[in-house]
Amino acid sequence: MPGPAPRLAALTWALLIAFAPAAPARASPVGTADGPGDVALAIGVTTAAATATGLWLRSRYRRSEADADGTDPGGDP
């Protein structure tokens, strides 16, 4: 049976997180990310991620539908 060390460590971390002073919020911009290249990159990455997610969900839906019918073309009946 473990001793009190894990509980003491968890309590120490909890107190540190609870009472640590938060960094002040900054309202100034950190960098410039509004150029045409940055916008095109963001649109391209978002489109690729959405397409990959859609294809993955489509394959999962088809697989679960075939399993429910018992007509799995690639597996055992």
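Structure first, text after, so check above.
A few points on the structure. (Residues numbered from 1 in each chain as written. Predicted model: local features only at pLDDT ≥ 70, side-chain atom pairs only at ≥ 80, totals over all residues. Heavy atoms only, no water.)

### Points about the overall build of the protein
Here is step 1 of the chain: Across its full length, the protein carries two helices and zero strands.
Here is step 2 of the chain: Surface summary for the protein: the accessible area is close to 7100 Å², and the carbon and sulfur share equals 67%. (Helix = DSSP H or I, 4+ residues; strand = E, 2+ residues; numbered from the N terminus. Areas by Shrake-Rupley, 256 points an atom, 1.4 Å probe, with all protein chains shown as cover.)

### As for a nonpolar patch on the surface
Here is step 1 of the chain: A cluster of nonpolar side chains, namely Leu8, Leu11, Leu15 and Phe19, defines an oily patch on the protein surface of about 460 Å² accessible area.
Here is step 2 of the chain: Structurally, leucine 11 is set in helix α1 (residues 5-19). (Patch = residues over 30% accessible without salt bridge, like charges linked within 9 Å, V, L, I, M, F, W, Y side chains within 5 Å. Salt bridge = Lys/Arg side-chain N within 4 Å of Asp/Glu carboxyl O.)

### Some thoughts on the environment of threonine 53
Here is step 1 of the chain: Along the chain, threonine 53 turns up in helix α2 (residues 36-69).
Here is step 2 of the chain: Residue class for threonine 53 comes out partly exposed when judged on its relative accessible area of 41%. (Buried < 20%, exposed > 50% of the residue type's maximum accessible area, 1.4 Å probe, protein only.)

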